[in-house]
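Understanding the architecture of this molecule
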2 protein chains.
Amino acid sequence: MGDYIVDEAGNGAVAAASPPNQRGNAERQQSPNPNPDLTGHKLLILTPFDLPTGWADAARARYPGLTIEHNRHNPWVGSGGPPEDVDWSDVTVLMTGPVLPSPRDAPRLQLVQLQSAGANYVLEHPLFKDTKVAFCTANGVHGPQIAEWVIMTYLAFQHRLPHYLDKQKECHWDRDSHDMDTLDTVHQRMNLVHSGILGYGSIGRQVARVATAMGAEVYAYTAHPRPTPESRRDNAYYVPGLGDPEGVLPTRWFSGTSEADVNEFLASGLDLLVLAVPLTPQTRGMLGQAQFKVLAEAAEKTEEGAKRKRGKTYVVNVGRGPVVETGALMEALDEGWIRGAALDVTDPEPLPREHPLWRKPNLIVTPHVSGNSTHYIDRLMAIVDINLERLSKGERFINQVNKKQGY
Amino acid sequence: MGDYIVDEAGNGAVAAASPPNQRGNAERQQSPNPNPDLTGHKLLILTPFDLPTGWADAARARYPGLTIEHNRHNPWVGSGGPPEDVDWSDVTVLMTGPVLPSPRDAPRLQLVQLQSAGANYVLEHPLFKDTKVAFCTANGVHGPQIAEWVIMTYLAFQHRLPHYLDKQKECHWDRDSHDMDTLDTVHQRMNLVHSGILGYGSIGRQVARVATAMGAEVYAYTAHPRPTPESRRDNAYYVPGLGDPEGVLPTRWFSGTSEADVNEFLASGLDLLVLAVPLTPQTRGMLGQAQFKVLAEAAEKTEEGAKRKRGKTYVVNVGRGPVVETGALMEALDEGWIRGAALDVTDPEPLPREHPLWRKPNLIVTPHVSGNSTHYIDRLMAIVDINLERLSKGERFINQVNKKQGY
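Each residue is numbered by its place in its chain's sequence as written, counting from 1. As a convention, the first chain written is A and the first ligand written is 1, with the rest following in written order. Per-residue local features of the predicted model are confined to residues with pLDDT of at least 70, and side-chain atom pairs are confined, for both listing and counting, to 80 or more; whole-chain, interface and lining totals are unaffected and use all residues. Here the side-chain values reflect all heavy atoms present in the structure, with hydrogen atoms and water set aside.

Some thoughts on the pattern of salt bridges
A pair is scored as a salt bridge if a Lys or Arg side-chain nitrogen falls within 4 Å of a carboxyl oxygen belonging to Asp or Glu. Within the structure shown, the criterion is met by 28 salt bridges over all chains. Here Asp 271 of chain B ties to Lys 312 of chain B by a salt bridge, and the two come within 3.0 Å at their closest N and O atoms. Linking Asp 271 of chain B in the loop between helix H7 (259-266) and strand E9 (272-275) with Lys 312 of chain B in the loop between helix H9 (303-308) and strand E10 (314-317), this pair joins segments that are 41 residues apart in sequence. For Lys 360 of chain B, the salt bridge is made with Asp 334 of chain B, and the minimal N-O distance between the two is 2.8 Å. One end of the pair, Lys 360 of chain B, is in the loop between strand E11 (340-343) and strand E12 (363-365); the other, Asp 334 of chain B, is in helix H10 (residues 326-335), and 26 residues separate them in sequence. When a residue's accessible area, from a 1.4 Å probe over protein chains only, is under 20% of the maximum for its type it is buried; when over 50% it is exposed; and in between it is partly exposed. For Asp 334 of chain B, a relative accessible area of 47% translates into the label partly exposed. The structure contains a network of salt bridges with shared partners spanning Lys 42, Glu 69 and Asp 90 of chain A. Secondary structure elements are taken from DSSP: a helix is a run of H or I of four residues or more, a strand is a run of E of two residues or more, and numbering for both begins at the N terminus.

Below you can see the structure in the form of C-alpha cells.
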C-alpha cells in the first residue's frame with residue numbers, strides 16, 4: 001500500500017471493446033468498437049474476499065452479454081502459479097494480483113485489473129512484457145485513508161497526543177506542563193503553514209483537501225511540470241467527492257527530478273512535508289543528509305526558527321521507506337534539523353527490534369498499515385465498473401499501466 | 001476554553017460610536033453615529049501577552065483619534081481587583097478578563113472585550129448588570145484548534161494510534177495484529193458516516209468543514225430550529241476561510257431542548273457524536289444513561305452493528321464535563337454501548353488520580369488543552385479590530401453578550 005502513480009496515471013491506451021476473437025496477443029487492443037452488452041466477454045475475479053452485496057447482479061444486468069466468475073483463490077498467496085481449476089480459454093477480463101496465466105493459456109485476455117496500486121510484480125511476466133494485454137492498477141483506493149493517517153500523525157504531534165496518552169496511563173491530569181512553544185497546529189498558522197506535498201497523486205491530493213479545510217496552504221511537487229490546468233488534472237481513479245482531481249488546491253507548484261529541483265522545493269519554508277512518491281531509481285534516497293540540511297537552513301532563516309533554534313518541518317513518509325535515507329533521518333531527528341517525523345514505511349522494513357530508529361525523538365512509526373481499509377474491495381470494484389464501462393464503449397481504461405514506464 | 005455560544009451569538013446591540021461624554025451609564029449605547037477617527041476614544045488593553053507586531057501602530061494609523069494603552073496586568077490573576085495604576089476615567093474600550101472597574105470609576109466605558117469565549121464570570125458584576133456597557137466575548141478563537149483535536153482523537157481511535165505508539169515503545173513491528181473490524185475511518189464509510197454535531201457554533205462548524213473534506217456526512221443539532229438560510233448563518237467571529245459561517249454543510253438539522261428532541265437526534269445513526277455545547281441548566285447531564293442506551297439501540301438496528309455486537313458511535317466531548325454524566329459514560333464504555341470516547345473536559349475536573357474513568361476501555365482523556373493555541377492573541381486582536389471598526393461606523397458589535405441570556 002502507499003504506492004501510487006505520481007504522473008502519467010490513467011493515460012491508458014484505447015480499450016479493445018470489440019468481441020474478443022482468436023487474434024494473436026500482438027493484435028489485441030486494436031479495435032475500439034463499442035460493445036454495449038459486452039457480448040462474448042468473461043470476467044474472472046480471483047479474490048478471497050466477498051464481493052460487495054449485489055455487485056455481480058448489477059454488472060450482469062448492465063451487460064447482458066458478460067459472464068462473471070468469482071474464484072476465491074487468493075492471488076497473493078502461494079507461488080505455485082494460477083489455480084488449476086480455472087479454464088482461462090474464454091477469459092477476457094481478469095481481476096487478480098501476482099497470479100497470472102501464461103499468454104498461451106489465456107488467448108482472449110484483454111484486460112488485467114490488479115488489486116494493488118503498484119504493478120512492480122508483473123513487470124517481468126510474459127503476459128505483461130510480450131502481449132498488448134492492458135494492465136490496470138488499483139491506484140486511488142488508498143488515498144483517503146492514507147491521507148487521514150498523514151493528518152492524524154501531524155495533529156497528534158502538534159497537539160502532543162503521545163504525551164497525553166502517557167499521562168492518561170499515569171492517571172495524571174497534566175494541565176500545567178503544556179508547552180506553548182509546541183502549539184503550532186496546522187491551523188494555528190493557517191496563513192503561514194506551508195504543506196509541501198512531494199508527489200501529487202491520490203494520497204497527496206486528499207491530504208491537500210483536508211489540509212486546506214484546516215486552513216493550511218499547499219505546495220505541490222511533481223516529477224513533471226504542470227503549467228496548465230489540463231496538466232494538473234489527475235486522470236486516475238479517485239473516490240468521488242474527495243481529493244483534488246482538477247489540481248486546483250496548491251498555491252505553488254514545483255517540479256523536476258534533479259537534486260537541485262528537490263532542494264529548491266525543500267527551501268520553500270515547509271512546516272509539513274509529505275512524501276507520497278513511489279519507489280523508483282529517481283526517488284530512492286531522495287531525502288538524504290543534504291536535504292535535511294536544506295530544511296534546517298530554511299528554518300533558521302525564519303524569525304521563529306532562529307528564536308526556537310530547532311527545525312521547522314515535520315516530515316511524513318507514506319511512500320516507500322527507501323525514499324528517505326534512514327541514517328540521515330536519524331541524524332536530523334537527533335540534531336533537531338526537523339521538527340519531527342511520522343513513518344508508515346521504513347528502510348529496512350519490517351524494522352528490526354534492535355534498530356535505533358525506533359527510539360529517536362519526536363518520531364511516530366507504524367508498521368505499514370496506513371492503507372488498510374474495510375472499503376478496499378468496494379473501491380476496487382468501482383474501478384472494475386469504470387473499466388467495464390470503458391470496455392463496452394471502446395474508451396481508454398482508467399489506471400492503465402504504461403508498459404514502457406512500468407507504472 | 002471550549003465554551004462558546006451555540007445560538008444567538010453576535011446579535012449585539014448597535015454600537016455607540018458617538019464621542020463619549022459624561023452621560024450616565026444607563027444612557028450609553030444610545031447614539032449610533034459614525035465616528036470614523038474614533039476621536040475621544042481610549043482603548044485600554046489588560047493582558048500580559050505581547051500584542052501582535054505592528055498591531056497598535058496599524059490601529060492608530062486607522063483611527064487617528066484613538067488612544068491605545070497596553071497594561072501588562074494579567075486580568076485573570078489575583079482577586080484584588082483592578083490594577084491601581086490605571087486611570088479609568090477616560091477609557092471607552094477595555095480588553096480584559098475577570099478584572100473590571102466599578103461603573104463609577106469608568107464612566108465613559110462603552111465596550112468591554114473579554115479574552116475568553118465564555119462570559120460567565122462577569123454576570124454578577126455591576127458593570128454588566130447595572131449598565132448598558134456592551135460586553136463582547138472571544139467566541140470563535142478556539143474553533144480551529146478544538147476542531148483539530150476532535151478530528152485527531154477520532155482518527156487516532158479509528159487508526160489505532162495508541163496501540164501502535166505502545167508497539168513502537170516495544171520496538172515491535174506489529175504488522176499482523178491489525179483488526180480489520182476496527183478500520184472504520186471517517187473516510188472509509190464516506191457515504192455512510194454520520195457525524196452528529198451537538199451545538200453548531202465555531203467548533204462544530206469547523207469540525208463539519210474538516211469532516212466533510214474527509215467524505216463524512218454532517219448532521220447538526222441546535223437548541224433553536226434553523227429552518228431558513230438566514231437562521232443557519234453564524235454571526236459570531238470566525239477565522240476567515242474556515243468553519244461553516246453560512247451553515248451549508250449539514251445535510252440534516254435537528255433542534256430542540258427536550259430530552260425527546262435529543263434522543264431523536266441520537267437515534268439518527270451517528271458514527272461520531274461531537275458535544276460542543278456550553279454548560280447551561282439545559283445542557284447539564286444532557287448525555288445520561290438513557291441517551292447512551294439510545295445510541296446502543298440505534299447501533300443494533302444496523303446490519304453491521306448487529307454483526308459486531310458493539311456500539312457504533314464514537315463520543316467526543318469538548319464542551320464542558322458535566323454535559324455528560326460520568327457514571328453513565330463509564331457504563332457505556334464498559335458495556336460497549338458506544339464505540340469509544342474522547343474527552344478534553346471531564347466531571348469532575350481536574351480528574352483525580354483515583355478516578356475510575358482514567359482506565360476505561362476505548363477512551364482518550366486530555367486535560368482541557370484542546371483550545372490552546374499560539375494564535376490566541378492574534379485572533380483576539382482580530383476581534384478587537386472588527387469591533388473598533390463597528391464602533392467607528394456605529395454598527396452592531398460582533399460577539400456581544402445578550403445580557404438577558406448571559407451568553
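Quick look at the packing of helix H4 (residues 161-169) of chain A against helix H4 (residues 161-169) of chain B
Look at H4 of chain A against H4 of chain B: their axes get within 11 Å of each other, and the N-to-C directions meet at 85 degrees. Comparing their axes, H4 of chain B and H4 of chain A come out roughly perpendicular. Only Leu 161, Pro 162, Leu 165, Asp 166 and Lys 169 of chain B of H4 of chain B make contact with H4 of chain A, whose side of the interface consists of Leu 161, Pro 162, Leu 165, Asp 166 and Lys 169 of chain A. Per-class residue counts for the contact of H4 of chain A with H4 of chain B are six nonpolar, no polar and four charged. Convention adopted: a line fitted to C-alpha atoms gives each axis, helices being fitted over their contacting stretch, and angles between N-to-C directions are expressed from 0 to 180 degrees. Any angle between 65 and 115 degrees counts as roughly perpendicular, while under 35 counts as roughly parallel, over 145 as roughly antiparallel, and the rest as oblique. Contacts are assigned to residue pairs that have any heavy atoms within 4.5 Å of one another. When residues are grouped by polarity, Ala, Val, Leu, Ile, Met, Phe, Trp, Tyr, Cys and Pro land in nonpolar, Asp, Glu, Lys and Arg in charged, and all others, Gly among them, in polar.

Quick look at the sheet that holds strand E8 (residues 252-255) of chain A
Residue and element names in this part refer to chain A. Reading across from one edge, E8-E7-E6-E9-E10-E11-E12 is the order of the seven strands in this open sheet, with parallel pairing throughout. With partners counted over all chains shown, the strands left at the sheet margins are E8 and strand E12 (363-365), one partner each. Direction aside, neighbouring strands of the sheet carry axes that sit 15 degrees apart on average. Strand contacts of helix H7 (residues 259-266): strand E6 (194-198), strand E7 (217-222), E8 and strand E9 (272-275), with the helix running at about 175 degrees to E7, the strand carrying the most contacts. Only strands that DSSP links by at least two bridges are regarded as paired with each other.

A closer look at the sheet that holds strand E8 (residues 252-255) of chain B
Residues and elements named next belong to chain B. Across the sheet, seven strands lie side by side as E8-E7-E6-E9-E10-E11-E12; this open sheet has parallel pairing. Whereas interior strands pair on both sides, the edge strands pair on one side only; in this sheet they are E8 and E12. Each strand of the sheet is rotated relative to its neighbour by a mean of 15 degrees, with strand direction disregarded. Bridge analysis of E9 against E10 gives four bridges, and the strand direction is parallel. Within E10, the residue paired with Val 274 across the bridge is Val 316. Packing against the sheet, helix H5 (residues 202-213) makes contact with strand E6 (194-198), strand E7 (217-222) and E9, and its axis sits at approximately 170 degrees to E6.

A look at the interface of chain A and chain B
Across the boundary between the two partners, chain A contributes 63 residues, which contact 62 residues of chain B. Per-residue buried area on chain A facing chain B is highest for Glu 148, Gln 168 and Trp 173 of chain A; these three make up 14% of the total on that side. Linking chain A with chain B are two salt bridges. Pairs of N or O atoms are called polar contacts if they sit within 3.5 Å, as long as, within protein, a hydrogen donor faces a hydrogen acceptor (for residues adjacent in sequence, only side-chain-to-side-chain pairs). Where chain A touches chain B, the interface holds 18 residue pairs in polar contact (both at pLDDT 80 or more). Counting residues per element, the side of chain A that touches chain B draws most heavily on helix H3 (residues 143-158) of chain A, which supplies eight residues. Buried area: the accessible surface (1.4 Å probe) lost by two parts on joining, summed over both.

With respect to unusual backbone geometry
For the bond from Asp 347 of chain B to Pro 348 of chain B, the omega torsion is 5 degrees, close enough to zero to count as cis. Along the polypeptide, Pro 348 of chain B turns up in the loop between E11 and E12. Residues Glu 349 of chain B and Pro 350 of chain B are joined by a peptide bond in cis, for which omega reads -5 degrees. Inspection of the secondary structure assignment puts Pro 350 of chain B in the loop between E11 and E12. Phi at Leu 38 of chain A takes a positive value of approximately 55 degrees, unusual for a residue other than glycine. Mapped onto the fold, Leu 38 of chain A is located in the segment before strand E1 (42-46). Even without being glycine, Asn 399 of chain A reaches a positive phi, approximately 65 degrees. Its location among the elements puts Asn 399 of chain A in the segment after helix H11 (376-393).

Re the relation of the copies chain A and chain B
When chain A is fitted to chain B, the residual RMSD is 0.0 Å, and the transformation amounts to a turn of 180 degrees plus an axial shift of 0.0 Å. Within this description, the copies of the chain are treated as partners about a two-fold rotation axis. It is Met 152 of chain A whose C-alpha, among those of chain A, lies nearest the rotation axis, at 2.7 Å. Here 98% of the contact residues of chain A are again contact residues in chain B; the copies associate through an equivalent surface. Copies are brought into register by a least-squares superposition over C-alpha atoms of residues with pLDDT of at least 70 in both.

Side note on the packing of aromatic side chains
All names here are of chain B. Under the pairing criterion, centres of Phe, Tyr and Trp rings, with the six-membered ring standing for Trp, must be within 6.5 Å; the plane angle then separates stacked pairs below 30 degrees from edge-to-face pairs above 60, leaving the rest tilted. For the structure on display, the rule yields 18 aromatic pairs over all chains. Relative to Tyr 314, the ring of Tyr 154 lies with its centre 5.5 Å away and its plane at 50 degrees, an arrangement referred to as tilted. On the criterion of sequence distance, the pair formed by Tyr 154 in helix H3 (residues 143-158) and Tyr 314 in strand E10 is long-range, its members being 160 residues apart. In this structure Tyr 154 comes out as buried when scored by relative accessible area, which is 1%. When the centroid spacing of 5.9 Å and the interplanar angle of 40 degrees are considered together, the rings of Tyr 219 and Phe 254 count as tilted. Residue Tyr 219 is found in strand E7, and its partner Phe 254 is found in strand E8; the two are separated by 35 residues along the sequence. The residues Tyr 219 and Phe 254 share a single accessibility class, namely buried.

Considerations on the confidence of the model for chain A
All names here are of chain A. One confidence number per residue, pLDDT, is output by the predictor and ranges from 0 to 100. Across chain A, the average pLDDT comes to 87, with 85% of residues at or above 70. In the model of chain A, helix H9 (residues 303-308) stands out as the element of lowest mean pLDDT, 65, in contrast to E12, which has the highest, 98. Throughout residues 1-30 the model reports pLDDT below 50, and contacts reaching past four residues in sequence, or to other chains, amount to 129 contacts. Here residues 181-191 scores under 50 on pLDDT; set against residues more than four positions off or in separate chains, the count is 55 contacts.

Here we look at H3 of chain A
Residues and elements named next belong to chain A. Take the residue count of a helix, subtract one, and multiply by 1.5 Å to get its expected span. The first and last C-alpha atoms of H3 sit 22 Å apart over 16 residues, in line with the 22 Å expected at 1.5 Å per residue. The buried fraction of H3 amounts to 16 of the 16 residues, a majority that puts the element mostly inside the structure. Backbone geometry just downstream of H3 places Arg 160 in the positive-phi region, at approximately 60 degrees.

Some points on the packing of H3 of chain B against H5 of chain B
Residues and elements named next belong to chain B. At a minimum axis distance of 8 Å, the contact between H3 and H5 shows a crossing angle of 55 degrees. Classed by the angle they form, the pair H3 and H5 counts as oblique. Crossing geometry of H3 relative to H5 is assigned as right-handed. Seen from H3, the contacting residues are Gly 143, Pro 144, Ile 146, Ala 147, Val 150 and Ile 151; seen from H5, they are Ser 202, Ile 203, Gln 206, Val 207, Val 210 and Ala 211. The handedness criterion is simple: a crossing whose near helix is rotated anticlockwise from the far helix by less than a right angle is left-handed, and one whose near helix is rotated clockwise is right-handed.

What to know about the pairing of strand E4 (residues 111-114) of chain A
Residue and element names in this part refer to chain A. In E4, alternate side chains face the same way, and those of Leu 111 and Gln 113 on one face and Val 112 and Leu 114 on the other are all buried. Note that strand E3 (residues 93-96) and E4 share four bridges and pair parallel. Each residue of the ladder has a partner; that of Met 95, found in E4, is Gln 113. Strand direction decides the pairing type here: E4 and strand E5 (residues 134-136), joined by three bridges, are parallel. Paired with Gln 113 across the strands is Cys 136, a residue of E5.

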